[in-house]
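For reference, the chains in residue letters:
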Amino acid sequence: GIFAVCALAYGGYRSVTWMFASGVIEAVQTAKPTTLDTARALLEEGKSNEAREALRPLVADAKDALVAVPAIIMLAELDAKAGERAKAIEGFKRITTEFPQSAERPRAMALYAKLLEEDGKTQEAIAVYNEIRANAPAEFRAPALTGIARQAERDGKTSEARGLYAEALTGATSDSPE
């Protein structure tokens, strides 16, 4: 009776989806969803490739910033470490465009700009650094200023670079990424 219904409901809750159609109850097996916690656990075990693969479906489908943003950042950082820079750049860019209200946006922008700079896309990187400099919290301005300063150095503008480095040092907080 009621015990069987409860047991079926519990089993259905864990591994199947129950479909009700035309007066018939049908159990449909569903895949266990990949979670950020699963990816973190894999990463702690040193299984970065497995963590990346676990994150991909979560990142592809996530629309909720609370789930999507940490997953995208983790996947982009893992992609960068694995040498898949184009995927990493796309991930950080996605946060800046699809989740503009996220508290993690300035961090993602700084990482995005740094990868652009390292890939020789300096004009794009400088545009992102300038946006960070103008709009981001103080702890993210130092990396932006140092990025702009590196470009000034490459352009032979030593005095401007020194000024930017000095501004970065005086404005940096203890938790600045650079």
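As a reminder, the structure under discussion sits directly above these lines.
These remarks concern the structure in this document. (Residues numbered from 1 in each chain as written. Predicted model: local features only at pLDDT ≥ 70, side-chain atom pairs only at ≥ 80, totals over all residues. Heavy atoms only, no water.)

## A closer look at the overall build of the chain
Move 1: Along the chain, the regular secondary structure elements total nine helices and two strands.
Move 2: Counting from the amino terminus, helix and strand elements in the chain follow one another as α-β-β-α-α-α-α-α-α-α-α.
Move 3: Within the chain, the fraction of its 178 residues that count as buried is 36%.
Move 4: If you take every contact in the chain between residues at least 6 apart in sequence, the share linking residues at least 24 apart comes to 38%. (Helix = DSSP H or I, 4+ residues; strand = E, 2+ residues; numbered from the N terminus. Buried < 20%, exposed > 50% of the residue type's maximum accessible area, 1.4 Å probe, protein only. Contact = heavy atoms within 4.5 Å.)

## A look at the nonpolar core
Move 1: Counting residues in hydrophobic clusters, the biggest one holds 46 residues, and the most contacted among them are Leu55, Phe92, Val128, Tyr129 and Ile132.
Move 2: Where this core is concerned, the elements lending two or more residues are helix H2 (36–44), helix H3 (48–61), helix H4 (65–81), helix H5 (85–98), helix H6 (105–118), helix H7 (122–135), helix H8 (138–154) and helix H9 (158–171).
Move 3: No other element matches H4, which puts nine residues into this core.
Move 4: In contact with valine 128, not counting residues within four places along its chain, are Met109, Tyr112, Ala113 and Leu116. (Core = buried A, V, L, I, M, F, W, Y, C linked by side-chain atoms within 4.5 Å.)

## What to know about the environment of alanine 54
Move 1: Relative to the helices and strands, alanine 54 is located in helix H3.
Move 2: As a C-alpha pair, alanine 54 and leucine 42 span twelve residues in sequence and 8.8 Å in three-dimensional space.

## Here's the deal with the packing of H6 against H8
Move 1: Two elements in contact, H6 and H8, have axes separated by 9 Å at closest approach and are oriented at 20°. Viewed along their axes, H6 and H8 adopt a mutual orientation that is roughly parallel. Relative to H8, H6 is oriented so that their crossing is left-handed. On H8, the residues that touch Pro106, Arg107, Lys114 and Glu117 of H6 are Phe140, Gly147, Arg150 and Arg154.
Move 2: Broken down by class, the residue content of the contact of H6 with H8 amounts to two nonpolar, one polar and five charged. (Axes fitted to C-alpha atoms, helices over the stretch in contact; angles between N-to-C directions. Parallel < 35°, antiparallel > 145°, perpendicular 65-115°, else oblique. Left-handed = near helix turned anticlockwise from the far one by under 90°. Nonpolar A, V, L, I, M, F, W, Y, C, P; charged D, E, K, R; others polar.)

## Here's the deal with the side chain of glutamate 117
Move 1: Mapped onto the fold, glutamate 117 is located in helix H6.
Move 2: At a separation of 2.7 Å, a polar atom in the side chain of glutamate 117 contacts the side chain of tyrosine 129.
Move 3: The residues contacting glutamate 117, other than those within four sequence positions of it, are Thr122, Ala125, Tyr129, Gly147, Arg150 and Arg154. (Polar contact = N/O pair within 3.5 Å; in protein donor to acceptor, adjacent residues only side chain to side chain.)

## With respect to the side chain of arginine 94
Move 1: The topology assignment puts arginine 94 in helix H5.
Move 2: At 2.7 Å, the side chain of arginine 94 and the backbone oxygen of valine 59 are in polar contact.
Move 3: Discounting residues that sit within four places of it in the chain, arginine 94 has contacts with Val59, Ala60, Ala62, Ile72 and Phe99.

## Structural notes on the pattern of salt bridges
Move 1: A complete count under the given rule lists 17 salt bridges for this structure.
Move 2: A salt bridge links arginine 56 to aspartate 79, with the shortest nitrogen-to-oxygen separation between them at 2.8 Å. With arginine 56 in helix H3 and aspartate 79 in helix H4, the pair connects residues that are 23 residues apart, well separated along the chain.
Move 3: With relative accessibility at 21%, the residue arginine 56 sits in the partly exposed group.
Move 4: On the basis of relative accessible area, aspartate 79 is assigned to the buried category, the value being 2%.
Move 5: Note that arginine 94 and glutamate 98 form a salt bridge whose closest N and O atoms lie 3.0 Å from each other. (Salt bridge = Lys/Arg side-chain N within 4 Å of Asp/Glu carboxyl O.)

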